[in-house]
Amino acid sequence: MLVLGIETSTPQTSVALGSETGVVAASLLATGPASHELVVSEVARALDRAGMPRSALTAVSVGLGPGLFTGMRVGVAAAKAMAQGLGVPIVGFASLDLIAFSVRYCRRLICVAVDGKRKELFFAFYRPVPGGVTRTTEFEAAGPGRLVAELIARLEDILLVGNGTLVYRRELEEAGKHVEIASAAFGFPSATTLVELAIPRLQREDFDRLYDLRPNYVRKSDAEIAWDSRRRAD
Amino acid sequence: MRILGIETSCDETALAVVDDGRAVLANLISSQAHLHERFGGVVPEVASRAHLENLNPLLDLALRESGTTLKDIDAIAVTVGPGLVGALLVGITAAKALAFALGLPLIGVHHLEGHIYANVLAHGAIEPPFVAFLVSGGHTMLVHAPEPFRYRILGQTLDDAAGEAFDKVARFLGLGFPGGPELDRLAMMGDPDAIRFPRAVTQRGYDFSLSGLKTAVVRHVTAERGRGREPALEDVAASFQEAVVEVQVDKTLAAARDTGVATIVLGGGVVANTRLRALMSTRAEQAGIRLFTPPPELCTDNGAMIACAGFYRLSRGDRTALDVGASPGLPLG
């Protein structure tokens, strides 16, 4: 099995190749707003470095966000076309789940919050369980004030992780001493985690349907939001 | 050589399979007009989301309709600009991933060059020099092509693209979206000489301006209603359309005359306008100029024109690298 992982929902564009025995090649770019445009050439480069032909790929996995709209779309478009072109299965994972999974040994409530632009974060809460994490809330899009209120309302120790903490650190520190902000090194969803999580799903043939796979936008487009509020006002 | 053409620069997800730049084996367009109608214009985020959902099923449909499998495709052509950046990126990324997965050459195509090549699909290769008039919802441009793949822009719109002005006036008159075809239909029943709307005169000879004309239409209708009269909308539509088309035809013929070419090529969604086609054809014939016009179904954005332009680009050795991005303001030339 050789699985390709593609994750572009944050300013970090990450690509990985791996199998049951681990990751064999990976790359990470955060060179600016358009680094996701390099995702296909990074895949080519990773295969080159691993010394494998593209025909060796047996599956594609992709991060579905929530996150940056254009970034998510580029990753999902690349993954879907790659799977369709190669004729291999595809599996998708929520990008926030990838971040939570990477800090699963912390034995605390986990809150993952990524920057959603428009003065909002995308966040969700997780609880560590044997072998991984379980998400206990829906994905939500809200400003830092709302997230702080959610953190205060929970009367237990919380690990707060995600690149949203880089943008709103000062506001989020207001939540109190029961909230520890994790290092930015854990703050981005990674394609290596994607590959690791994809393998058990691929082994039990729990594939996603290519046509139906789409990003977790969570938030509507600005035009739709404006339309909805006009209609409510009428 | 069998080419898959992908076009997602605005609000049509379009895929086509074309043999040797001529034989259209499949040409599928998934229009999003119904998604944008309530907003009265194309919403970039809505368009980008829809492209991503449409693209993969449309590819399977195009392959089935053309009796082809991915193994029979020899190259992938895709619009790289100009257009909406988020929308372009969906098509470009899919094209790159397919080209990589299948080990095929990739060729990026300029959207407006695609509109020129829509004529090649219909009429066969067109030898430069020629003047092209490209007119759509996003562009109004006069271009001189002295030799193959070389373009010199003679003039363009200073404000609204013609299709945009048609949409706005149609919306003002209470017609549907997209407004161009509705306005065209209504104008057929009206008198083009009923109202003498101003013909835009611009400083530079080949540039276009429609904001004054648009204002004149609004002012006319409002004034009539102020006098308690409901203006005949078919006359307003016909007179507005006549004012737009007359200037377009005048300038296109002047450009051909001034550059000394004997061929005019039309391209873009507004070329589906029946009055533009009719007047351009009459005037070109009087001037002894050969006119190439794509059939209406190849005027709107489509993947076949991209595959066709891609074929000619590939034939002369052009290739596009896998790190190509979207160029929302890509110049033609």
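Quick caveat: nothing in here was measured; it's all calculated off a predicted structure. (Residues numbered from 1 in each chain as written. Chains lettered and ligands numbered in written order. Predicted model: local features only at pLDDT ≥ 70, side-chain atom pairs only at ≥ 80, totals over all residues. Heavy atoms only, no water.)

Trainee: Outline the domain arrangement of chain B, supporting the account with residue identities and numerical values.
Mentor: Residues and elements named next belong to chain B. As assigned here, chain B comprises domain 1 (2-116 + 298-315) and domain 2 (128-296). Listed per partner, the contact involves 18 residues of domain 1 and 21 residues of domain 2. Where domain 1 abuts domain 2, roughly 1,600 Å² becomes buried across the two surfaces, and 72% of that area is made up of carbon and sulfur atoms. Summed over the shared surface of domain 1 and domain 2, the result is zero salt bridges. Connecting domain 1 to domain 2 are seven residue pairs in polar contact (both at pLDDT 80 or more). It is helix H4 (residues 111-123) that contributes the most residues to the side of domain 1 that touches domain 2, five residues altogether. Each residue belonging to the side of domain 1 that touches domain 2 can be placed in one class, and the counts come to nine nonpolar, six polar and three charged. (Domains from an automatic or database assignment. Contact = heavy atoms within 4.5 Å. Buried area = accessible area lost by both parts, 1.4 Å probe. Salt bridge = Lys/Arg side-chain N within 4 Å of Asp/Glu carboxyl O. Polar contact = N/O pair within 3.5 Å; in protein donor to acceptor, adjacent residues only side chain to side chain. Helix = DSSP H or I, 4+ residues; strand = E, 2+ residues; numbered from the N terminus. Nonpolar A, V, L, I, M, F, W, Y, C, P; charged D, E, K, R; others polar.)

Trainee: Tell me about the side chain of Glu37 of chain A, and name the residues and values.
Mentor: One can find Glu37 of chain A in the loop between strand S3 (22-29) and helix H1 (39-50). Each residue touching Glu37 of chain A, except ones within four places of it in the same chain, is listed here: Leu89, Lys96, Leu322, Asp323, Val324, Gly325 and Ala326 of chain B.

Trainee: How would you explain the packing of helix H5 (residues 162-172) of chain B against helix H6 (residues 179-187) of chain B if you had to name every residue and give the values?
Mentor: The relative placement of two packed helices is expressed as an angle between their axes plus a distance between the axes. Residue and element names in this part refer to chain B. For the pair H5 and H6, interaxial distance at closest approach is 8 Å and the crossing angle is 65°. With respect to their mutual orientation, H5 and H6 come out roughly perpendicular. Judged by the sense of rotation from one axis to the other, the crossing of H5 with H6 is left-handed. Contact residues: H5 offers Phe166, Asp167, Val169 and Ala170, while H6 offers Gly179, Gly180 and Leu183. Considering only residue class, the contact of H5 with H6 consists of four nonpolar, two polar and one charged. (Axes fitted to C-alpha atoms, helices over the stretch in contact; angles between N-to-C directions. Parallel < 35°, antiparallel > 145°, perpendicular 65-115°, else oblique. Left-handed = near helix turned anticlockwise from the far one by under 90°.)

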